[in-house]
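What follows is the residue order along each chain.
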Amino acid sequence: MNRESGHMREASMQYQGFATRAIHVGQEPDPLTGAVTVPIYQTSTYAQEEIGRHKGFEYARTHNLTRFCWEKNLAALEAGNDQKAWGFAFASGLAAIDTVMKILSAGDHVVAAEDMYGGTFRLFEKILRRFGVEFTYVDMTNPSAVRKALTPATRMVYTESPTNPMMMLTDITAIAALAREANAIMVVDNTFATPYVQQPLRLGADIVIHSATKYLGGHSDLVSGIVVTNRSDIAEQLRFLQNAAGAVPGPFECWLCLRSIKTLAVRMRQHQENAQKVAEFCAQHPAVRAVYYPGLPSHPQHELAKKQMHGFGAMISLELGTRDKAQQFARSVRVFTLAESLGGVESLVCHPVSMTHASVPKETRDKLGITEGLIRLSVGIEDSEDLLEDIAQALQ
Ligand code: P1T
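Remember, predicted model here, so these are calculated numbers, not experimental data.

**Q** What should I look at first to understand the overall build of the protein chain in this one?
**A** Summing up its helical and strand segments, the protein chain has 14 helices and twelve strands in all. In summary, the protein chain has a C-alpha radius of gyration of 21 Å against a globular reference of 21 Å for 396 residues, a match within 12%. The C-alpha extent of the protein chain, read off along each of the three principal axes, is 70 × 50 × 35 Å. Taking all 396 residues of the protein chain together, the buried fraction comes to 56%.

**Q** Even after reading the chapter, I still don't get the domain arrangement of the protein chain, so can you show me in this structure?
**A** You'll often see interface size given as the accessible area lost when the parts meet. Each assigned domain of the protein chain is listed here: domain 1 (3-261) and domain 2 (266-395). Relative to domain 2, the C-alpha centre of domain 1 lies at a distance of 26 Å. Domain 1 puts 36 residues into the contact, and the matching count from domain 2 is 40 residues. Together domain 1 and domain 2 conceal approximately 3200 Å² of surface at their shared face, both sides included; 60% is due to carbon and sulfur atoms. Three residues stand out in domain 1 for area buried against domain 2, namely Met166, Tyr196 and Tyr215, and they jointly supply 24% of the buried area on that side. Across the contact surface, domain 1 and domain 2 share one salt bridge. For the salt bridge of Lys367 with Glu114, the shortest nitrogen-to-oxygen distance reads 2.6 Å. Viewed at the interface, domain 2 and domain 1 are joined by 18 residue pairs in polar contact (both at pLDDT 80 or more). Counting residues per element, the ones that place at least two in the side of domain 1 that touches domain 2 are helix 4 (118-127), helix 7 (194-197) and helix 9 (251-261). Broken down by element, the side of domain 1 that touches domain 2 gets its largest block of residues, four residues, from helix 4. By residue class, the composition of the side of domain 1 that touches domain 2 is 18 nonpolar, 13 polar and five charged.

**Q** Which parts of the structure should I look at to understand the confidence of the model for the protein chain?
**A** Predicted coordinates in regions of low pLDDT should not be interpreted in detail. Averaged over the protein chain, the pLDDT score is 96; the fraction of residues at 70 or greater is 97%. Confidence, expressed as mean pLDDT per element, reaches its minimum in the protein chain at helix 13 (residues 362-368) with 95 and its maximum at helix 3 (residues 93-101) with 99. Every residue in residues 6-12 is under pLDDT 50, and counting partners more than four places away or in other chains gives 23 contacts.

**Q** Looking at this model, I keep getting lost on a negative patch on the surface. Mind explaining?
**A** On the surface, Asp383, Glu385, Asp386 and Glu389 cluster together into a patch of negative charge. Tracing the sequence through the fold places Glu385 in helix 14 (residues 384-395).

**Q** Whenever I open this one, the layout of surface pockets confuses me. Can you help?
**A** A water-sized probe, rolled over the atoms, reveals where empty space remains. If you add up the space inside the second largest pocket, you get close to 320 Å³. At three residues, helix 3 tops the list of elements feeding residues into the lining of the second largest pocket. For the lining of the second largest pocket, a count of residues per class yields six nonpolar, ten polar and five charged. Formed jointly, the lining of the second largest pocket draws a minimum of three residues from each of two domains, domain 1 (3-261) and domain 2 (266-395).

**Q** How should the side chain of Asn274 be read in this particular structure?
**A** Position of Asn274 among the secondary structure elements: in helix 10 (residues 264-283). Classification of Asn274 as buried rests on a relative accessible area of 1%. Here the side chain of Asn274 touches Glu382 through a polar contact of 2.8 Å, landing on its backbone oxygen.

**Q** What exactly am I supposed to notice about the packing of aromatic side chains here?
**A** Two descriptors summarise a pair of aromatic rings, namely the distance from one centre to the other and the angle between the planes of the rings. Enumeration over the complete set of coordinates arrives at nine aromatic pairs. With a centroid separation of 4.6 Å and 15° between ring planes, the pair formed by Phe124 and Phe135 is classed as stacked. On the criterion of sequence distance, the pair formed by Phe124 in helix 4 and Phe135 in strand 3 (residues 134-138) is long-range, its members being eleven residues apart. Between the aromatic rings of Phe124 and Tyr158, the centroid separation amounts to 5.1 Å while the plane-to-plane angle is 85°, which identifies the pairing as edge-to-face. On the criterion of sequence distance, the pair formed by Phe124 in helix 4 and Tyr158 in strand 4 (residues 154-160) is long-range, its members being 34 residues apart. Take Phe124 and Tyr158: they sit in the same class, and that class is buried.

**Q** Explanation requested: empty space enclosed by the protein in the structure shown.
**A** Under the counting rule described, the total for this entry stands at two cavities of 30 Å³ or more. Size it by volume and the largest cavity reaches roughly 50 Å³. If you go around the largest cavity, the residues you meet are Ala113, Glu114, Asp115, Val138, Asp139, Met140, Thr141, Thr163, Met168, Leu169 and Thr170. Among the residues forming the lining of the largest cavity, the class breakdown is five nonpolar, three polar and three charged. What the second largest cavity holds in volume is close to 40 Å³. For the second largest cavity, the full set of lining residues is Glu114, Asp115, Met116, Phe121, Val360, Thr364, Leu368 and Ile370.

**Q** Honestly, helix 9 in this entry has me stumped. Any pointers?
**A** Working note: α-helix, 3.6 residues per turn, so residues spaced by three or four point in the same direction. Every buried residue of helix 9 is accounted for by Pro251, Cys254, Leu256, Cys257, Leu258, Ser260 and Ile261. Check the buried side of helix 9 and you find it contacts helix 1 (18-24), helix 2 (65-79) and helix 10.

**Q** Sorry if this is basic, but what is going on with the pattern of salt bridges here?
**A** Pairing between side chains of opposite charge can happen when their charged atoms approach one another. Here the structure, examined in full by the defined rule, presents 16 salt bridges. Two residues, Glu49 and Lys55, come together in a salt bridge whose shortest N-O distance is 3.6 Å. Looking at Glu49, the relative accessible area reads 44%, which means it is partly exposed. By relative accessible area, which is 56% here, Lys55 ends up exposed. Look at the salt bridges and you will find they share partners, linking Glu49, Arg53 and Lys55 into a network.

**Q** I tried to follow the sheet that holds strand 1 (residues 86-90) on my own but got confused; where do I start?
**A** Consider a sheet: its strands pair through backbone hydrogen bonds, and that pairing is either parallel or antiparallel. In space, the seven strands of this open sheet follow the order 1-7-6-5-4-2-3, with mixed pairing throughout. Edge positions in the sheet fall to strand 1 and strand 3, since each has one partner strand and no second. Shown here is a sheet whose adjacent strand axes are inclined to one another by a mean of 20°, direction ignored. Relative to strand 7 (residues 225-229), strand 6 (residues 207-211) runs antiparallel, the two sharing five bridges. Among the inter-strand pairings, Ile209 is bridged to a residue of strand 7, identified as Val227. Sheet contacts for helix 2: strand 1, strand 6 and strand 7; angle to strand 1, the most-contacted strand, approximately 125°. Docked against the sheet, helix 4 engages strand 2 (109-113), strand 3 and strand 4, running at close to 145° with respect to strand 3.

Conventions adopted
Residues numbered from 1 in each chain as written. Predicted model: local features only at pLDDT ≥ 70, side-chain atom pairs only at ≥ 80, totals over all residues. Heavy atoms only, no water. Helix = DSSP H or I, 4+ residues; strand = E, 2+ residues; numbered from the N terminus. Rg over C-alpha atoms; globule rule 2.2 N^0.38 Å. Buried < 20%, exposed > 50% of the residue type's maximum accessible area, 1.4 Å probe, protein only. Domains from an automatic or database assignment. Contact = heavy atoms within 4.5 Å. Buried area = accessible area lost by both parts, 1.4 Å probe. Salt bridge = Lys/Arg side-chain N within 4 Å of Asp/Glu carboxyl O. Polar contact = N/O pair within 3.5 Å; in protein donor to acceptor, adjacent residues only side chain to side chain. Nonpolar A, V, L, I, M, F, W, Y, C, P; charged D, E, K, R; others polar. pLDDT = per-residue confidence, 0-100. Patch = residues over 30% accessible without salt bridge, like charges linked within 9 Å, V, L, I, M, F, W, Y side chains within 5 Å. Areas by Shrake-Rupley, 256 points an atom, 1.4 Å probe, with all protein chains shown as cover. Lys, Arg positive; Asp, Glu negative; His and termini not counted. Charge placed at Lys NZ, Arg CZ, Asp CG, Glu CD. 1 Å grid on protein atoms, 1.4 Å probe; cavity = no way out; pocket = protein on both sides within 12 Å on 5 of 7 lines; lining within 4 Å. Points joined across faces, edges and corners; volume = space filled by probe spheres on them. Phe/Tyr/Trp six-rings, centres within 6.5 Å; stacked < 30°, edge-to-face > 60°. Pairing = 2+ DSSP bridges. Axes fitted to C-alpha atoms, helices over the stretch in contact; angles between N-to-C directions.

The structure is reproduced here in structure tokens:
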């Protein structure tokens, strides 16, 4: 019984399909009672038989079986059947990112995507820079810009794909090859895609990060994060850092994630079907100046999306022209809710400039197109007719 086996009994077979793995890996019935859901091990410590003799469980920051099951499950979804991988769960997406960055030391250099979640940028610039880590922000859609930014001190290349909020893609295979040449670790924040849509480790990345608060949790009722790597040397560092820095999630959050992951495949299919309809509807609407969605042929990286993604996700940004128009839209929607976050079953609308990307400098926002008129949609799994009708009346 340990974190490698994830649960008290190993599954005896390798599940081929994604949805089957999502439902069964790490979630085998409890051998003691037959419970088909993993128990919530709500304990901070474990009785030891005598000094130096215990069941492998000493203290819950280090050892918690509900968490181990969740970590094992997501590792299996990101890496597939043919690779060994290790998962590490955290108290939030940012706690996951913060812990991954603690692999670095003062003097190390990171090449990062210029378009990213504002909180990630804030962590890099306002905190990690003070500890002597250097960052260069580049257009990750352009491999030669990445190549130019690499220095002998570069130890990490960090990206999101699709990016938040402009839905730009990183050619993960190409950029991971550049990182490898430079002896740098390739990190992909896979929050917008989910492992159902994209598996960066299989494309050459070394580390995948998720804000599990989003699609993995899927119901807007938890805050959590998780990291997966297929490199044993990195897993060893992350295992040490997870315990030594201590930003672990509680067992209830892990249990909620285990509950939610069982429906990830069906949710993502519906999210994507709805998002494609919303994107196509908005693309032909005269009030919408631009639609940013990798599933539209007009997206500059549509071909790359078809190559490295299984579908196109369900995040869409719209340029409406002015703050007033964005405000009017946010006030008028009835099915969509104005809120930060994304990836829940309910549709949300967000105004990145004033909400998720307020900490990004104005000149960077202007360069990227994060304007006062930009709104971001997280398309939920309601009936698509209701979503289209809601958008139509709000754009009027
Ligand atoms: O909120 P937290 O669980 O800490 O996750 C941070 C985070 C990390 N990575 C990406 C790509 C994210 O989008 C986020 C959080 N994003 C939002 C809250 C948002 O509305 O964009």
